[in-house]
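A look at the structure
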Amino acid sequence: MNHFLKEQLRAIKEELGEEDEEKKEINSYKSKIRKAKLPKQAKEKALYELDRLKKCGTFSSEGGVIRTYLDWVLELPWSKETKDNLNIKRVREILQEEHYGLEDVKNRIIEYLALKKVSKTLKGPILCLVGPPGVGKTSIAESIAHALNRNFVRMSLGGVRDEAEIRGHRKTYIGAIPGRIIYGMKQAKSKNALFLLDEIDKMSGDFRGDPADALLEVLDSEQNNTFRDHYLEIDFDLSKVLFITTANTLDTIPRPLLDRMEVIEVSGYTSEEKFHIAKEHLIPKKLDELSIEYNKITFSDSSIYNIIDNYTRESGVRNLERKIASIIRKTITEMLEKNKKKMNITVNHVKKYLGPVQFTYDKADKEDKVGVVMGMAWTAYGGDTLPIEVSTMKGKGKLEITGQLGDVMVESAKAGYSYVRANAEKYGIDFKFYQDKDLHIHVPEGAVPKDGPSAGVTMITAMISALSGKKVKHNVAMTGEITLTGRVLPIGGLKEKSLAAYRAGIDTVIIPKDNEKDLLKIPKTIKNKLKFILADNIDVVLENSLI
Ligand code: ADP
């Protein structure tokens, strides 16, 4: 019966001309498989699937699934590679031309190239560029691909929650597709591409499995030569891929994943650095995009500084880039309307095009006050200043804390309070103050949740100032974790914090003594303008901040 039906089907197909079509298609797959230089395992699998396709017919629904599968296998770059540019001098030139600064990243790539020249078996490093938004992490990665002559693919991991997004769905699911890694490799068109995994700190896991587990395999140079996607069901060799990942913060990257990567910190820029980036890169890039000659629209130096200092407030240069684009658009309009051939943008033009000044960096108080201390915070968006206020009122020793603080910060406030109670007399405060006074700690600008222990010294200083009535110097900012005995412990993000203090018009910053080594990483322009005081205990902090 079965045989009879099949014969009938064949006769019908012949009648419709499908038989030929099918044969043609099968033959075309056959020759593609032959030409594709597939590794043994992949070739066997492809031929096996082709055999199934023959049996069930290319026009059946099962046939459709198999064809999609074969297309995927055939389009992957199993053996295609681009030839690396190993001319170190040229690579350095390209990197230098396309980006200002970012020396650590550039040097690491040059180092990799140098090693690659001597060793044939060298595995690519897996770099993780960490820093605030807009500091050029993504664009330097693209530049590296350009300099090395590699294809570039970018994939954002932000919001990825499901393991299957990385490793694919099994073919048995309707509408199954490979995961993002294989998808990326198909786009890359070469097996030694530069693969950028953006926002690796913004993945999360749920009941469907943790994408980080799948990424572990991808980023492990010991086992990523046999990466297996659930959909493909055959190993793909990722060992020649140069992986670069980016993140805003290391805190949310799972530890095992972090261990497999080499972290390079990319920190925010000073006004001077931003000036160079704007003048040498952002403005020419925008003009190029619009094919406008450089001498038709020029920017005076002071106009660039004006945009940086009064219209943007960021660690990176993304807003700066937007503001410049906006000015260029408005300038072109004006040139057309008023029939001008050339224009030089001045501070007045900036004001005319961008409106009134949006930020004033002079955030530091102009006068010394009681109970108000400038702290410094470090968030995923870069550094910021964080004023802390304390006031006292009649009461019974209650400690009130407000301003959207995280748990760690609240605890650090409590520890600070205990320290102040235990040592009140030392600072000329009546030790019984808690019997008739309440204390209120407030951290304004509550829109951004803040956490971390590094505001410890700031809170103690504000409390002691409020209780003793001594004023705090307005030009001082501070950061440091505190212990119950008043020791000052080291903190993270010193460079970002110093930049923020400098932007806010502070001239003296008190930092933990153990952070002395980090001073090396602070740009000279900042060091010339800020005085750093190293404190190992709270008394040094108070001596230098209270009047
Ligand atoms: P991130 O990935 O760190 O968020 P992007 O790579 O998107 O930042 O950078 C934002 C913009 O700023 C891009 O147009 C980039 O070219 C430019 N940019 C950032 N840093 C530099 C730099 N050091 N030199 C030149 N351009 C830069």
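Nothing here was measured: the structure is a model prediction, and the numbers come from that model.

**Description of the packing of aromatic side chains**
Summed over all chains, the structure comprises 8 aromatic pairs. With centroids separated by 5.6 Å and ring planes inclined at 50 degrees, the aromatic side chains of Y69 and Y231 adopt a geometry described as tilted. In this pair, Y69 is assigned in helix α4 (residues 61-75) and Y231 in the loop between β4 (227-228) and β5 (235-236), connecting sequence segments 162 residues apart. For the pair Y69 and Y231, a shared accessibility class is recorded, and that class is buried. Pairing W72 with Y183 gives two aromatic rings, centres 6.1 Å apart and planes at 50 degrees, and the pair type is tilted. With W72 in helix α4 and Y183 in helix α9 (residues 180-188), the pair connects residues that are 111 residues apart, well separated along the chain. The exposure class of W72 is buried, given its relative accessible area of 10%. In this structure Y183 comes out as partly exposed when scored by relative accessible area, which is 40%.

**Considerations on unusual backbone geometry**
In this structure, E199 is a non-glycine residue whose phi angle is positive, near 55 degrees. Its place among the elements puts E199 in the loop between β3 (194-198) and α10 (211-218). Of note, E233 is a non-glycine position whose phi angle comes to about 60 degrees, a positive value. Checked against the element boundaries, E233 lands in the loop between β4 and β5.

**Overview of a positive patch on the surface**
Among the surface-exposed residues, K30, R34, K35, K43 and K54 lie close enough to one another that they form a single positively charged patch. For the positive patch, the secondary structure elements donating two or more residues are α2 (18-35) and α3 (40-56). The element best represented in the positive patch is α2, accounting for 3 residues. In this fold, R34 is placed in helix α2. Under the relative-accessibility criterion, R34 is labelled exposed at 60%.

**Quick look at the site of the ligand**
The local shell around the ligand holds 19 residues, among which Y100, G134, T138, K285 and R318 are the closest. One nitrogen or oxygen atom from the side chain of K137 is found 2.7 Å from an oxygen atom belonging to the ligand. One of the side-chain N or O atoms of E321 is found 3.0 Å from an oxygen atom in the ligand. A total of 560 Å² of accessible area belongs to the ligand in isolation, and the protein chains cover 90% of it.

How each quantity is defined
- Residues numbered from 1 in each chain as written.
- Predicted model: local features only at pLDDT ≥ 70, side-chain atom pairs only at ≥ 80, totals over all residues.
- Heavy atoms only, no water.
- Phe/Tyr/Trp six-rings, centres within 6.5 Å; stacked < 30°, edge-to-face > 60°.
- Helix = DSSP H or I, 4+ residues; strand = E, 2+ residues; numbered from the N terminus.
- Buried < 20%, exposed > 50% of the residue type's maximum accessible area, 1.4 Å probe, protein only.
- Patch = residues over 30% accessible without salt bridge, like charges linked within 9 Å, V, L, I, M, F, W, Y side chains within 5 Å.
- Areas by Shrake-Rupley, 256 points an atom, 1.4 Å probe, with all protein chains shown as cover.
- Salt bridge = Lys/Arg side-chain N within 4 Å of Asp/Glu carboxyl O.
- Lys, Arg positive; Asp, Glu negative; His and termini not counted.
- Charge placed at Lys NZ, Arg CZ, Asp CG, Glu CD.
- Near = heavy atom within 4 Å.
- Polar contact = N/O pair within 3.5 Å; in protein donor to acceptor, adjacent residues only side chain to side chain.

Function cannot be inferred from these measures alone, as they are strictly geometric.
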